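# Remarks on the overall topology
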Amino acid sequence: MRISVFRKAHFNAAHRLYNPNWSEEKNREVFGLCSNEYYHGHNYELEVKVTGEIDPETGFLINLNDLKQLIKEYVEHRYDHKNLNIEVEEFKNLNPTAENICYMIWKNLRPHLDKKYDLAVRLYETPRNFVEFPGS
Ligand code: NI
């Protein structure tokens, strides 16, 4: 029987959506206010979903404290209160859209989670705008 466990997390970060190969006009046209050269912030909400089998010895799918620590170390410490474009390596040459941030969170967490689990990540950039990477 497969079951899923979720852990929510939160971070604040600043970003700017910008394609350096385009003119200022085209950036403004495509990214609107999000291309503002002085950056802007979001309160990102994260949902991490781990799927697998219940361990008969503990009754847990995964120890939530371990999952919490992984998210702290590989997401919150990397992104919280940062300017993503300037301070976070993976976004120096990658536009920090919700899609790319969501995928990078998955990529940063995946190697630290046992292969027996499936991992999916959902990221809310605003309460109404969110993206999900279902894994693989
Ligand atoms: Ni934005």
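Look above for the structure.
Let us look at the structure shown here. If you're wondering where the values come from, they're calculated on a predicted model, not measured in any experiment.

### Structural notes on the overall build of the protein
A count of helical and extended segments in the protein gives four helices and five strands. Sequence-ordered secondary structure for the protein, helices as α and strands as β, is β-α-β-α-β-α-α-β-β. Principal axes of the C-alpha set define a box for the protein whose edges measure 60 × 25 × 25 Å. The 136 residues of the protein split such that 41% are buried. Summarising the internal contacts of the protein: among those between residues at least 6 apart in sequence, 65% fall at separations of at least 24. Accessible surface, the protein: about 8,400 Å² in total, of which carbon and sulfur atoms supply 49%.

### Section: the sheet that holds strand S4 (residues 118-124)
Sheets are built from strands paired through backbone hydrogen bonds, the pairs being either parallel or antiparallel. Within the open sheet, the five strands sit side by side as S3-S1-S2-S4-S5. Their pairing is mixed. The sheet is open, and its two borders are formed by strand S3 (82-83) and strand S5 (130-133), each paired with just one other strand. Two strands pair when backbone bridges link them, and S4 and S5 are joined in this way by four bridges, in the antiparallel orientation. When the bridges of S5 are listed, Arg122 appears paired with Glu132. Against the sheet, helix H2 (residues 64-79) makes contact with strand S1 (2-15), strand S2 (40-53) and S3, and its axis sits at roughly 20 degrees relative to S1, the strand it touches most. Packing against the sheet, helix H4 (residues 98-109) makes contact with S1, S2, S4 and S5, and its axis sits at approximately 145 degrees to S4.

### Details of the environment of Lys92
Here Lys92 lies in the loop between helix H3 (84-87) and H4. The class of Lys92 is partly exposed, set by a relative accessible area of 43%. Those residues in contact with Lys92, other than ones at most four positions away along the chain, are Asn85 and Ile86.

### Some points on the state of the cysteines
This structure, assessed with the given rule, holds zero disulfides. For the unlinked cysteine Cys34, the closest cysteine sulfur is that of Cys102, found at 17 Å.

### A short note on the pattern of salt bridges
The full count for this structure, using the stated rule, is five salt bridges. Among the ionic pairs, Arg16 bridges to Glu24, the shortest N-O distance being 3.9 Å. One salt bridge in this structure joins Glu132 and Arg122, with 3.2 Å as the shortest N-O distance. Of the two residues, Glu132 is situated in strand S5 and Arg122 in strand S4; the sequence distance between them amounts to 10 residues. Residue Glu132 is classed as partly exposed on the basis of its relative accessible area, which comes to 48%.

Conventions used here
- In this numbering scheme, every chain counts its residues from 1 along its sequence in written order.
- Only residues with pLDDT of 70 or above have their local features reported here, since the model is predicted, and side-chain atom pairs are shown and tallied only from 80 upward, although totals for entire chains, interfaces and linings are computed over all residues.
- Only hydrogens and water are set aside; all other atoms, that is, all heavy atoms of the structure, feed into the side-chain values.
- Numbering goes from the N terminus for both helices and strands, where a helix is a DSSP run of H or I of at least four residues and a strand is a run of E of at least two.
- The buried label applies to any residue whose accessible area, calculated with a 1.4 Å probe on protein chains only, is under 20% of its type's maximum; exposed applies above 50%, and partly exposed to all values in between.
- In what follows, residue pairs with any heavy atoms lying within 4.5 Å of each other are defined as contacts.
- Values of accessible area rely on a 1.4 Å probe in the Shrake-Rupley scheme; residue burial ignores everything except the protein chains shown.
- We treat two strands as partners when DSSP finds at least two bridges between them.
- Only the stretch in contact is used when fitting a helix axis, every axis being a line fitted to C-alpha atoms; angles between N-to-C directions are given from 0 to 180 degrees.
- Cysteine sulfur atoms are paired as a disulfide whenever they fall within 2.5 Å.
- Salt bridges, as used here, are contacts in which a Lys or Arg side-chain nitrogen is within 4 Å of a carboxyl oxygen on Asp or Glu.

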